[in-house]
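# Report on the structure
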Amino acid sequence: MLNIKFYNEEKIPLEMHKVRIVQKLNLPPIEQRVKAIEEAGYNTFLLKNRDVYLDMLTDSGVNAMSDKQQAAMMEADDSYAGSETFTRLENKIKEIFGKEYFLPAHQGRACENIIAQTFVEKGSIIPMNYHFTTTLAHIVLNGGSVKELFTNEALKVRSDYPFKGNMDIAKLRDLIETYGAEKIPFVRLEAGTNLIGGQPFSLENMHEVRKVCDEFGILLVLDASLLADNLYFIKEREEKYKTKSIREITREIADLSDIIYFSGRKLGSARGGGICTNSKEIYMKMREYVTLYEGFLTYGGMSVREMEAIAVGLEETMDENMINQGPQFIAYMVEELQKKGVPVVTPAGGLGCHIDAMEFVDHLPQTEYPAGALAAALYIVSGIRGMERGTLSEQRDENGNETLANMELLRLAMPRRVFTLSQVKYAIDRILWLYENRNLIGGLKFVDEPKVLRFFFGRLTATSDWPSKLVNKFKADFGDSL
Ligand SMILES: *Cc1c(COP(=O)(O)O)cnc(C)c1O
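Residues numbered from 1 in each chain as written. Predicted model: local features only at pLDDT ≥ 70, side-chain atom pairs only at ≥ 80, totals over all residues. Heavy atoms only, no water.

## Examining the pairing of strand 2 (residues 101–105)
Of all the five residues making up strand 2, four are buried; the element is thus mostly covered by neighbouring parts of the structure. Bridging between strand 2 and strand 8 (residues 273–277) involves five bridges; their strand directions are antiparallel. Looking at the pairing, P104 lines up with G274 of strand 8. (Buried < 20%, exposed > 50% of the residue type's maximum accessible area, 1.4 Å probe, protein only. Helix = DSSP H or I, 4+ residues; strand = E, 2+ residues; numbered from the N terminus. Pairing = 2+ DSSP bridges.)

Structure representation (structure tokens):
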């Protein structure tokens with residue numbers, strides 16, 4: 001989005017694209033919504049899309065594609081081996097990241113499986129700025145453990161620290177000195193740190209991490225799934241890079257990384273993934289896992305159409321006016337909510353707007369799942385589907401006790417180029433109404449609680465008749481309005 005000043009001085013993110021294909025949406029009436037969430041066991045994962053107005057569950061695989069991406073998909077070369085499509089994607093990776101060797105994989109976690117199987121063994125320790133769910137799972141599965149070396153700012157809900165995704169360098173040195181470099185096959189940096197609110201690391205911080213890695217001979221692995229947001233924030237917030245192009249910043253990041261992997265469901269706005277490196281030795285080690293788990297080396301489980309879309313999507317990621325759409329819409333939403341006192345995670349990150357449920361519904365104990373209750377309540381009053389990131393997403397300990405989460409967040413993801421500003425304004429409006437009526441929101445309890453990944457499939461119910469009280473107040477205030 002261009003830096004356009006409005007005559008009335010309102011700060012509005014202005015889209016640098018037009019919409020040429022649309023998909024019809026429904027907004028079912030509130031009576032139907034309350035029934036739908038009841039049937040979904042108060043779990044937004046179990047809602048049917050036809051009952052959802054704005055789907056803000058995730059940004060994975062749901063970003064809008066461009067006309068050029070769609071056109072490229074028509075030209076895809078479908079052959080088992082020797083595909084032209086693969087060559088195009090490989091060349092684009094080479095051009096943008098400067099990496100000679102590219103391995104395709106069906107999505108981000110598949111890359112993590114390959115990297116973990118190649119490098120992680122029993123007793124391995126992997127330092128990182130913050131974990132991602134699938135990353136952690138693959139490292140643990142291979143006998144390793146994860147050490148998160150985030151700074152003191154990272155978990156503060158309200159902060160003005162621009163780079164909450166930074167790694168604490170002193171902690172990294174300590175860790176290496178405590179365990180020894182031989183236990184540490186690689187250091188992992190995650191761009192646009194997903195689980196702490198899409199928060200970036202600074203390029204200065206990455207240089208410092210690299211310096212330590214060089215000193216001890218440790219590889220540096222970059223998870224570039226949310227790189228687009230991180231690129232934008234580096235250019236926006238880091239003085240030294242204000243005059244650098246996105247392409248130059250990307251190259252500097254890539255040159256500091258020994259291995260880069262990404263989820264094409266996010267980076268490149270398509271579906272798929274891949275790993276690249278300049279080391280032939282590393283490439284040869286990982287290669288066999290691609291043929292074993294993914295597919296032949298020229299597609300790695302991806303459809304050639306998606307590979308074409310990723311190649312074009314990567315090129316479009318080099319356009320600042322493309323990658324700033326998400327962060328600027330999110331910043332707009334965060335600022336509007338903050339002005340009215342709604343507790344949100346600051347500074348605004350990429351990925352989505354994160355509401356602090358611990359404060360929003362501070363009358364609910366964590367054992368009644370405040371973030372889950374808030375997600376259900378927001379769906380009831382708006383038809384908007386968000387994702388709980390709190391105690392519900394944790395697992396009970398071996399004695400069956402709740403593991404209380406550090407933060408209780410409702411994540412409202414902002415798929416890129418998908419929603420309009422009026423839809424975002426609608427979301428803000430309904431959240432503000434809900435905030436004024438937050439005392440009506442009650443807790444949740446499990447009816448059917450799976451042992452693993454309970455947040456995906458678990459079914460809950462309201463601890464009282466609060467949903468119908470919420471509906472009554474909504475109808476009193478909004479009359480016939482949906
Ligand atoms: C989504 C994501 C992954 C996993 O990618 P999938 O394509 O969903 O398997 C890994 N790392 C980060 C930071 C992500 O956001």
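## Side note on the UniProt feature "modified residue: N6-(pyridoxal phosphate)lysine" (unreviewed entry) in the chain
With numbering matched to this structure, UniProt assigns "modified residue: N6-(pyridoxal phosphate)lysine" (unreviewed entry) to K266. Mapped onto the fold, K266 is located in the loop between strand 7 (259–263) and strand 8. We classify K266 as buried; its relative accessible area is 17%. (UniProt positions renumbered as here; feature names shortened; annotations may be inferred.)

## Some thoughts on the pattern of salt bridges
The full count for this structure, using the stated rule, is 32 salt bridges. Across the pair R188 and D223 runs a salt bridge, and its minimum N-O distance is 2.8 Å. Taken together, the residues R188 in strand 5 (residues 186–190) and D223 in strand 6 (residues 219–223) connect sequence positions 35 residues apart. Side by side, R188 and D223 carry an identical accessibility label, which is buried. Note that E336 is salt-bridged to K339, the shortest N-O span being 2.9 Å. Linking E336 with K339, this pair stays in helix 13 (residues 325–339), spanning three residues, or about one helical turn. Among the charged side chains, a network of salt bridges with common partners joins K92, E95, R247 and E315. (Salt bridge = Lys/Arg side-chain N within 4 Å of Asp/Glu carboxyl O.)

## Comments concerning the pairing of strand 5
Most of strand 5 is tucked away, with five of its five residues classed as buried. Alternating residues of strand 5 divide into F186, R188 and E190 and V187 and L189, and every residue in both groups is buried. In this fold, the crossover linking strand 5 to strand 6 by way of helix 7 (residues 203–216) has right-handed handedness. (Right-handed = clockwise from strand over helix to strand, strands pointing away.)

## Topic: helix 11 (residues 304–317)
Its 14 residues place the ends of helix 11 20 Å apart at the C-alpha level, agreeing with the 20 Å of an ideal helix rising 1.5 Å per residue. With eleven of its 14 residues buried, helix 11 lies for the most part within the structure. The set of residues buried in helix 11 consists of V304, E306, M307, E308, A309, I310, A311, G313, L314, E316 and T317. (Expected span 1.5 Å × (residues − 1).)

## Looking at the packing of helix 1 (residues 30–39) against helix 15 (residues 370–382)
The geometry of helix 1 relative to helix 15 is characterised by a closest axis approach of 7 Å and an angle of 150° between their N-to-C directions. In terms of orientation, helix 1 and helix 15 fall into the roughly antiparallel class. As helix 1 runs across helix 15, the sense of the crossing is right-handed. For the pair helix 1 and helix 15, the contacting residues are I30, R33, V34, A36 and I37 in the first and A376, Y379, I380, V381 and S382 in the second. Of the residues assigned to the contact of helix 1 with helix 15, the class counts are eight nonpolar, one polar and one charged. (Axes fitted to C-alpha atoms, helices over the stretch in contact; angles between N-to-C directions. Parallel < 35°, antiparallel > 145°, perpendicular 65-115°, else oblique. Left-handed = near helix turned anticlockwise from the far one by under 90°. Contact = heavy atoms within 4.5 Å. Nonpolar A, V, L, I, M, F, W, Y, C, P; charged D, E, K, R; others polar.)

## Brief notes about unusual backbone geometry
Geometrically, the link from T346 to P347 is a cis peptide bond, its omega value of -5° lying close to zero. Along the chain, P347 falls in the loop between helix 13 and strand 9 (352–356). For L351, which is not a glycine, the phi torsion comes out positive at approximately 70°. Note on L351: relative accessible area 0%, which makes it buried.

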